Each structure stands twice: as C-alpha cells, then as structure tokens.
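Secondary and tertiary structure notes
Okay, here's what each chain looks like letter by letter:
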Amino acid sequence: MDEAARREFLRMVKAHQERGDPSGWCDQVYRDAGGDFTAVFWADLVPNPYLVSWLEEHPISTGSEPRAITIGCGVGDDAEALSAHGYQVTAFDISPAAIDLCRRRYPDSRVEYVVADLFDHPENWVHGFDLVFECNTIQVLPGEYRLRALNTIAAMVAPGGVALVSCRSRNSGEKEDTFPLPLDRPEIDGFVRAGLREDGFVAYDDDQNPPVPHFFACYRRP
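Now for a quick tour of the structure. (Residues numbered from 1 in each chain as written. Predicted model: local features only at pLDDT ≥ 70, side-chain atom pairs only at ≥ 80, totals over all residues. Heavy atoms only, no water.)

Across the sheet, 7 strands lie side by side as β3-β2-β1-β4-β5-β7-β6; this open sheet has mixed pairing. Looking at strand neighbours, the two that pair on one side only are β3 (112-115) and β6 (197-205), the edges of this open sheet. Strand-to-strand twist in this sheet, taken as the mean axis angle between neighbours without regard to direction, amounts to 15°. Where strand β4 (residues 129-135) meets strand β5 (residues 157-168), 6 bridges bridge the pair, whose relative direction is parallel. Considered in β5, the bridge of Val-132 is made with Ala-163. Most of the contacts of helix α3 (residues 49-57) go to strand β7 (residues 213-220), to which it runs at about 35°, and overall it touches β4, β5, β6 and β7. Together, β2 (88-93) and β3 form the strand contacts of helix α5 (residues 96-105), whose direction differs from that of β3 by roughly 160°. (Pairing = 2+ DSSP bridges. Helix = DSSP H or I, 4+ residues; strand = E, 2+ residues; numbered from the N terminus. Axes fitted to C-alpha atoms, helices over the stretch in contact; angles between N-to-C directions. Contact = heavy atoms within 4.5 Å.)

As structure tokens, then:
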C-alpha cells in the first residue's frame, strides 16, 4: 500500500470509528480485493508461524476432535491450519466479503466459515471452544471496544481450554497515536484479569524491514 492509499484507508477507518462503528470499515477492504484473496493488503497468505509451532508442540489426542474458533479469520490461513491439525473449526469475520473469499479459496474445507460480530455472537460460543485463536483483532479497535473485545474473546474459552493471542506490541506510553495500536503488556494481561491463567508468553520481532515487535501468548482457563 502506497502512502496515498494508506492516508485514504486511515480516513475511512476514522470515519467509521467516529460514528460508533469500530469495525465497519473491514468489509470495504475485502470488497476492494474484487474476489482475489491475494489482493487483501494485510493478508500474509500463510498461517501464523507461532500458531503452527504451538499446534505441532501440542498435538491433540488420537480420536478426539476439539473445537476451535478463529477471531476475525480474514482469508482463512489460520483456520485451515487448525483444521489440518485435527480441530473442528469455526472461523468468523464481520465482513461478508471476507467469508466469501474464504469459501471460494477453500471450497472443500471442513472449516465452518460464518459471518458474525464479535460483540453480538451466538450465545453458545460462551465457554464453547477448546482453543480460541485471536490474531490482530484487538489492535485495530479503538478505546473501550478493546477491553470489550478482550473480555469477549476470553469468555469463549471452555474450562481447560486455551486462548492463543498474537498481536503487535509496544512499550507502555509509546505509539499511542498509531493505527493499528499495538498492545502493551498491561493491556494483554487483561486476559489474566478475565479469569485465564498465563501458560506461555513470547515477545519477539518479526522479519519485516524494519522489524515489528509482537507478543504471542497462551492463556488457559482452569
């Protein structure tokens, strides 16, 4: 994305936020792709490597098919990785265009791709999943919606289940006027305040130039 396109994108995001529609802009990004999943500018087109490593290090029991959900599934890479590792996967996005891209990209997928709103999801999603994967959703939300999203995501974890959280990171007090706004350690610690136990935490720089700092964390519901 060039600088002019980025300025226009940020104006669109701000306009939605100012009218109390914190994620309504997402669908436009996927519609602008014109049915081509490779044209979604933020899509890596590969599953999150830390997710894949965690799945390889924590294989599921033979004969079991635990339930997993991906938050804001985008074009489906992470959902398909979960499915390939034996999970029964629900993947949702607020954008109908994103879900259409997933279904076209993976016509024979076992993943259930659905349009849903994180703030108005089916009641049976509460404590409904053995694994909840959140990647980069909270960081694109403004203000009070961030804590609401975090608490909603944490509430989806079933007893004994885990939330895996991947996001950009920052030191407290830094980058407060940027978009997306990375999470600092006190903010991501909200998963503990929401009743989960921290089982693993990694702070790392990705391979972009310049590198972008990230967190990858695992939280478990007792």
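We now examine the packing of aromatic side chains. For any pair of aromatic rings, geometry is given as the distance between the ring centres together with the angle between the planes. Summed over all chains, the structure comprises 14 aromatic pairs. With 5.1 Å between their ring centres and 45° between their planes, Phe-92 and Trp-125 make a pair best called tilted. Taken as a pair, Phe-92 in strand β2 and Trp-125 in the loop between β3 and β4 lie far apart in primary sequence, 33 residues in all. Their ring planes at 50° and their centres at 4.9 Å tell us that Phe-201 and Phe-215 sit as a pair that is tilted. Of the two residues, Phe-201 is situated in strand β6 and Phe-215 in strand β7; the sequence distance between them amounts to 14 residues. (Phe/Tyr/Trp six-rings, centres within 6.5 Å; stacked < 30°, edge-to-face > 60°.)

Here the residue pair Phe-179 and Pro-180 is connected by a cis peptide bond, since its omega of -5° sits within 30 degrees of zero. By the element assignment, Pro-180 lies in the loop between β5 and α7 (185-188). Residue Asn-209 is joined to Pro-210 through a cis peptide bond whose omega torsion reads 0°. Relative to the assigned elements, Pro-210 resides in the loop between β6 and β7. Positive phi, close to 65°, is recorded for Leu-45, a residue that is not glycine. In this structure, Leu-45 sits in the loop between α2 (26-32) and α3. Since its relative accessible area comes to 29%, Leu-45 is described here as partly exposed. (Buried < 20%, exposed > 50% of the residue type's maximum accessible area, 1.4 Å probe, protein only.)

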